Every structure is written in C-alpha cells, then in structure tokens.
Amino acid sequence: MSNSINNNKALMTHIVLGYPNFEANKKLIKVMADAGTDYIEMQIPFSDPIADGPTIVNANQKALISGTSLSDCIKFAGEMAAAFKEINFLFMTYYNIIFSTGISKFINDVKKKNLYGLIVPDIPFDEDKEGFFQECRNNSINPVYVFSPGTTDERLKKIGSVASGFVYCTSRVGITGAGKDPHQKLNSYITNAKKIVNLPVAVGFGIDNAAKAKKIAEFADIIVIGSKVLNIVDEAGRNFQKPAFKFLSDIKKSLS
Amino acid sequence: MKSGNKINPFKTKGYFGDFGGRYVPEMLIPALDELEKAYLDALKDKSFQQEFEHILKTYSGRPTPLYFAENLTKRLKGAKIYLKQEGLGQTGSHKVNNAIGQALLAKRMGKKRLIAETGAGQHGLATATVAAKFGFECEIFMGLTDIKRQRPNVFWMEQLGAKVTPVTTGNMTLKDAVNEALRNWIETLDTTHCLMGSVLSAHPYPVIVRNFQSVIGKEVITQIKQAEGRLPDYLIACVGGGSNSIGLFYPFLDFDNVKMIGVEAGGLGISTGKHSARFAKGKLGMIEGYRSLFLQDKDGRSRETHSVAAGLDYIGIGPEHAYLHSIGRVSYTSATDKEVLEALKLLIKTEGIIPALESSHALVECIKVAPKLGKDKVIVVNVSGRGDKDIFIVAEALKDKEWTEFLRDKIKEADK
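Residues numbered from 1 in each chain as written. Chains lettered and ligands numbered in written order. Predicted model: local features only at pLDDT ≥ 70, side-chain atom pairs only at ≥ 80, totals over all residues. Heavy atoms only, no water.

I'm lost on the layout of surface pockets in this one. Help?
Any space left empty among the atoms is revealed by the rolling of a water-sized probe across them. Each pocket or cavity is described by its volume, and for the largest pocket that value is around 370 Å³. Along the walls of the largest pocket sit 19 residues, with A:S47, A:L64, B:G170, B:K175 and B:S302 positioned nearest its centre. When contributions to the lining of the largest pocket are tallied by element, the ones reaching two or more residues are α2 (54-65) of chain A together with α8 (174-187) of chain B. Classifying every residue of the lining of the largest pocket gives 5 nonpolar, 7 polar and 7 charged. (1 Å grid on protein atoms, 1.4 Å probe; cavity = no way out; pocket = protein on both sides within 12 Å on 5 of 7 lines; lining within 4 Å. Points joined across faces, edges and corners; volume = space filled by probe spheres on them. Helix = DSSP H or I, 4+ residues; strand = E, 2+ residues; numbered from the N terminus. Nonpolar A, V, L, I, M, F, W, Y, C, P; charged D, E, K, R; others polar.)

Here's what the structure looks like:
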C-alpha cells in the first residue's frame, strides 16, 4: 500500500456505498484511482447521519431505500481493496452500525477485507465503553478520529492516544458540504493540533476547488474531498466519469 | 422511603446506569460542555429559580389543577382517578415548562437564536412562544409528515414569528426533525441554543429537561396530599421521548409504594410492526446522540415507526426511562391507536375534557387498571396536553361527515 505523506500531500475522497448503486460506485472508484487518489472513505449508509449535510444525507437515504445492506457493503469493499491495491480504503459510518454488528465481529470483517481504517464520527473517546479504539488498533485497523477547530488541547491529547494512521480535522465547525469557507485560524489550529496528536492530519469539509485545496495543503497532510464529487456525479448523471476525473486530477496536481 | 432510584448524571458523566452519554460528533462537545456549565451555574443562582417559578405562575398559569374525575371514577367502578391538567397551561401542554426554563438558560448564555425539533408541534409551539416572549430569533424543524398532520400548530408557530422548516429526510417525523435540529446547531453554535424538547439526545439535555419538568410531580405531591391526605397508588403517563412522564414520576421515585406506568404508542398493534413501542421491540443502541433502546433493523439502522399521535411517533426512549425500566422501578406498556380513540371519546363524554391524542394513551391504561383496583385506591393520570390541535386527525378517524363537509366549504371560500 502506498503512503504518500512526505512532501506531496495526499488526497482522500468519499463515496456513499449503494448510491446510486454499486456499479456506479465501482466506476467512480476507478476514476478516483486514475486521478491519483490515495485514500477512499466508503460510507456505509445510515438512517440518521447527524454529522452530514444535505448532499450526503440525500445519498444515504437513497442508498437505504434501494436496499443497500451492511453485508453488501462489506463484500463490495473487499472487492475494491483487492482490485485497487494502491489505494487505502476506509469505512466511514456511524457507531450504531458497528455496535449492532458487535465490535469484534465488525472489526474482524474489516480486517479480512484488508481495509486501512474506520472513520466513525459519533463515538467520542469518553463514551468508548466497548473498547472500540483499542480493538481497532489491536487488529491493525486505523481508527481515524474526527475533530474540529474548537476541540481543546486537553482533548487533542486523548485523541492522539486513541487514534492511529491519521486524524481528521474539519475545516470549520459545521456539517459536511461544499462551498463554505474554512475556519479563520485553521492554519495555526492545525499546526498546533499536529504537534499534540503526533499523527498526520487530514482536513476536509467544504473543499471544492484546487485553489482551496492547495492553500489548505500548506499545513494539512491529507486533503479530503467529499460532497463536491457527489455534486458533480449528481449533476452529470451517467456521464460523470469525465468531469469527476478532471476535477479530481486538478486537485491532485495542486497538491504536488 | 428508599433511595437509589434517583440518579444525578452530573456525577456519572451523563449516564443513567448503562444509558445516556454523548454519542455526538466531537465538534458538539464544547457546546454541550458550555450548556452543562451554564446550567450548573444557574442551579446555584437563587434568582434563576425564582424567575423560572415566577414566569410559570404568572405567564403559564401554574400550578395546573389536579382534578378529581368523579364521573370517570363512577363509570369505571374502581380506584379514584385524578387528572393532572397540564393542558390548561400556556400553549396547551407541559412542553412550555421546559421551553421557559431553557429560554432563561439561553438568555444567560447570551444566545440570540433558539432552534427546536418538534413532532406533534407542541414543543415547537412552546419554543416559538417563549422566543416571542423573550425576543429570540426562532427556527423550528418539523418532519413533513408531521407538518401535514399538525397544520394548526404550524400556523401558530409562524404567527409567533418562528420559521418552520420542513424536514424531508427519512420518515419525515420526529427523529428526522431531531437530526436536522442537531445539524443546524452544529452550523450555528455561537449564536444559537438548541432547545431540546424531551428527555433525550446527549447529556446534559435529559437531566435539564427532566428537572424543568419535575414541577409537574412536585405539584402533584402537594395537591394529592391536600385532596387525599396521602400519596397516590399509581401514576400513569404517556411516553414518547418521555418528558411529561419523567416530570410526573421523578419526584415520586423514592416513594416505593407509588407504582408508575409509562404508556408507549402501540400504533396499529405490536404484531403489525407499525408502532413506536421501544420497550416491546427496541434494542440497545446509540442513535441521535444517546445510548438507549431504539427501534432498529438488523443492521442497526432506525426503523419506521407509527402512531396516531405525532408526539409519540419516535424511535428512541429517553435514557432515564430505559434505566428505570432496567431496574424495574417503572413498568411500561402500550396502547393502540384504536384504544386511544375510544379513551379520548370516553373522557370527553364523561368529564368534558378534550385530551391530546398523546395523553389519551395514558387514559387507555387508566381505563384498564382502575376497575381492577379497590375504591380506596388512587390513580393520578397526567393529561399532558389538550386535544384542540388534534381536531383534523380525530375528525378524520371518527369519519365525521359534517367535518368533511365543513372542510370542503372552507376550501371553496378560500378559492374565491
């Protein structure tokens, strides 16, 4: 597996599994791979995605209506990880999906499919009664912790001790979605956070063009593009490959 | 009197036994900490409590009466039935108690804007009302399904100056409104207080709402002692998220001889799957920010729920109820839509009181329990709201032809 966190900054993208269907997911992942994407978050659709904005909420809902099950998602993830070995795949989902399956069983399933990590935004370390973070690390699955400017140094210390791989800081305090400006003091916040957590920092939320990506890459290690790709796919319909590739490769170029 | 039933979640990191906590995105933690601090600070401030009580009395008409339902008692030939008349307060339900309390807190925190989720619209109405009174900007999130069935409340919220935003995700009911309110809050933390309407969501909401609603039970203790010279044998209340019931139950929890029953929405019947009975069919989980029992599918996603009463049509149960159930202190049962309509008709005819559909769930249980008890026993039922808002639903359910005719005429007039 590649790990491009050196001088060149890495790119992480996001898809919602089963939206609009797994066939389209596969095509989009191919486009992402061709554009040089380093990490892909595959969101397992959930009924109550409280950290997500309208674009991703809508995709979650449609994926559920079309009957996307957890076992479909795990199977698909395994196929993708086998087909695109150069990419680090992560599952992104909400904690109840994992809790309901059983922590050990879920992590074991993920391990068997050779995924890189898990992003679960609604399990703060204080509430980890089941030992989720520990179980991830014991199985070499990276628990990627999401926080935001406003998270205190004291909490960042704990976050650094439970997370592994990298951490994920939102560019502002808010929900996912394209077109909004980052936090005013993001640069100094991230620079400070990086020292405390002692892990690479991914920055996402609202990054929707190459100029923004380049600017944030001055201090972030990984740039995350989420809703914007979904918007492009939604607008382009069946012929999404070309515009999605153009957008992502422009972003990727801006990072080198 | 025994202790152990009452939990102070400020000392247990927000947990009631195994339930509660804060299962929220990290970015909400600072806001929840700020709220907790402001609330603990207000608890130490005598003038805060005095102002709260003054407004409850002069604005909302508290104490609400505890009414001896003599006709209903005679009809059922059993225990004496008392009704706590929460519907007689400002805005027509108990929801206003909590809305006033949290509005005062928001004022202390220097917030300019209130947002709230609502199911039946009673909490939205209470929030819009206090926003008008205290001069807050206000936005209410309400599922499109609920907007359609509770138009009168939407109309009044808008007249009160609130923006009512339809929520079109998921089932388009209360849980989706909760999600949307949380999302909006995440985007507007600096200026906005999220005025959660029930004893759910992340700590410290369940304890704050419970404490503000406890005024119900405290009044009942005084009132029933005056009327009967003793405490009641049974307390019965409906349970959606669980705020009116916990408000009644909480002050009684350590009186072991007082039995308590919470009544959930049985919808079309538990066996049909179309209900909101969390204790019958729920599983432990963490959805919408808290750990409790939720109606979910095999993959841990929330299931569709149903009730004739929008205020009970919800996937989760307040964590303190889950706890009280787990230790056996409170028992929980359910009432079907059909039983609810019968109970509603009975109370209207015998006592001249029109209860909300939500509160009518509690009456169903009272009708079942009272005849089995001796005439020396005493039951208190919380009539958490009045039923004026339900006229469209009830008239439709009772297939009232003249009402339909009236609606047609109104449409014709409006079209002119």
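After presenting the structure, the write-up continues.
Looking at this structure, I do not really get the packing of helix α4 (residues 95-108) of chain B against helix α9 (residues 205-213) of chain B. What am I missing?
Between two packed helices, the angle of one axis relative to the other and the distance separating the axes together describe the packing. Residue and element names in this part refer to chain B. Relative orientation of the contacting elements α4 and α9 amounts to 115 degrees, with a least axis distance of 8 Å. The crossing of α4 and α9 is right-handed. In this structure, α4 uses K95, N97, N98, G101, Q102 and L105 to contact α9, whose residues at the interface are Y205, I208, V209, F212 and Q213. Split into classes, the residues belonging to the contact of α4 with α9 amount to 5 nonpolar, 5 polar and 1 charged. (Axes fitted to C-alpha atoms, helices over the stretch in contact; angles between N-to-C directions. Left-handed = near helix turned anticlockwise from the far one by under 90°. Contact = heavy atoms within 4.5 Å.)

Any chance you could explain the interface of chain B and chain A here in plain terms?
It is common to give the size of an interface as the accessible area lost on bringing the parts into contact. Facing the 35 residues of chain B at the interface are 41 residues of chain A. Between chain B and chain A, the buried area comes to about 3,000 Å², and carbon and sulfur atoms account for 52% of it. Between the two partners, chain B and chain A, sit 5 salt bridges. In this assembly, chain B and chain A are joined by 22 residue pairs in polar contact (both at pLDDT 80 or more). (Buried area = accessible area lost by both parts, 1.4 Å probe. Salt bridge = Lys/Arg side-chain N within 4 Å of Asp/Glu carboxyl O. Polar contact = N/O pair within 3.5 Å; in protein donor to acceptor, adjacent residues only side chain to side chain.)

Any chance you could explain α8(B) here in plain terms?
The α-helix winds at 3.6 residues per turn, so residues separated by three or four positions along the chain end up facing the same way. Residues and elements named next belong to chain B. Between its first and last C-alpha atoms α8 spans 20 Å; for 14 residues at 1.5 Å apiece the expected length is 20 Å, and the two agree. Of all 14 residues in α8, 12 are buried, a share of seventy percent or more. Those residues of α8 not exposed but buried are L174, K175, D176, A177, V178, N179, A181, L182, R183, N184, W185 and I186. (Expected span 1.5 Å × (residues − 1). Buried < 20%, exposed > 50% of the residue type's maximum accessible area, 1.4 Å probe, protein only.)

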